[in-house]
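Letter by letter, the chains look like this.
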Amino acid sequence: MVFYFTSTATDPPTELYMGRDKVENEELIKWGWPEDVWFHVDKLSSAHVYLRLKPGQTISDIPEDLLEDCCQLTKQNSIQGCKDSHVGVVYTMWSNLKKTAGMEVGQVGFHKSREVKKTVVEKKKNEIVNRLTKTKVERNPDLAQARQERDRQEQLKLKAEKKAQFEAEAALREEREKEKELRSYKNLHSEEKMRSNEYVEGTDAADLEEDFM
C-alpha cells in the first residue's frame, strides 16, 4: 500500500507519496523513476517520502514552499522526528540511492554522498501537516508495471526525437544540395556569357561583314 498526498504549494498541485511500511519502502526503492526525489529524516527512522519532478525540472528547481511540504511530511512520519525540533531532512535523486545485499529491508545508502542535500526543519507546522493529511489517499499500484510503462513511453519519445532530427538533417542536406546546384548553374551561365563576349570583342569588322555576306 502506498499513501498519496496532494501539495497545493504549486499550481497545478503536486503529488507526494510514501510507503506504508518498510516492505512498501523496499518496493519504492526498487521501482523508482529517474525523476523521483527521495526524502528521509537524517539519522532517524522515518517514512520514505517521494516527489516526482516534472519534465525539465531538477532537484535544485524545487520551489521553496513545495520543499517545505515534503520536509514537513517526512518529519511528521518519523516516530522520533515528529517530537523533536531542529530535525535534519536529507533528500537526493532516486538514482543516487544504493542498495546492497547486506542491507535490511527498506534500508539504503548513497552512491555519491556529495549529491545528497540536507535541510533543517526547525519545528512542526500544523497548518502544513493538516493540509497534507486531509488529502491522504491509499492506493495499491503495480509499481513494476508503472515503471515499465514509463520506460516504454520514454523509448517512444526518444525514437520520435531521433526520427525528427534525422528528417530535419535530411531536409537541410537537400536544401544545401539545391543551393549548390543553383550556384553551379549560375557560375556556368556566367562563364558561357563571358566566352560569348570574348568572341564578339575579338572579331573585327571585316570578319563580321563576311559573316553576313
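Everything numeric here is computed off the predicted structure, so don't read it as measured data.

### A few points about the overall build of the protein
Counting its regular elements, the protein contains 5 helices and 9 strands. Secondary structure elements of the protein, listed N to C terminal, follow the sequence β-β-α-β-β-α-β-β-β-β-α-β-α-α. Here the protein holds 213 residues, and the buried ones make up 31% of them. Taking the contacts inside the protein whose residues are at least 6 apart along the sequence as the reference set, 67% of them involve residues at least 24 apart. Carbon and sulfur atoms provide 51% of the accessible area of the protein, an area that totals close to 14,500 Å².

### Re the environment of I59
As for its placement among the helices and strands, I59 is situated in the loop between β4 (49-52) and α2 (64-76). Here I59 falls in the buried class, since its relative accessible area comes to 16%. For the pair formed by I59 and K117, sequence separation is 58 residues and the distance between their alpha carbons is 9.3 Å. If we skip the residues at most four places from it in the chain, I59 touches V37, L53, Y91, T92, M93 and K117.

### Some details on helix α3 (residues 126-133)
Of the residues making up α3, those classed as buried are I128, V129 and L132. Angular distribution of buried residues about the axis of α3 spans 95°; they occupy a single face of the element.

### Digging into the state of the cysteines
All told, the structure shown has 0 disulfides when counted by the stated rule. Take C70: it sits in no disulfide, and the sulfur closest to it among the cysteines is that of C71, at 6.6 Å. Accessibility expressed as a relative area gives 0% for C70, which makes it buried.

Rules of the game
- Residues numbered from 1 in each chain as written.
- Predicted model: local features only at pLDDT ≥ 70, side-chain atom pairs only at ≥ 80, totals over all residues.
- Heavy atoms only, no water.
- Helix = DSSP H or I, 4+ residues; strand = E, 2+ residues; numbered from the N terminus.
- Buried < 20%, exposed > 50% of the residue type's maximum accessible area, 1.4 Å probe, protein only.
- Contact = heavy atoms within 4.5 Å.
- Areas by Shrake-Rupley, 256 points an atom, 1.4 Å probe, with all protein chains shown as cover.
- Arc of directions from axis to C-beta.
- Disulfide = S-S within 2.5 Å.

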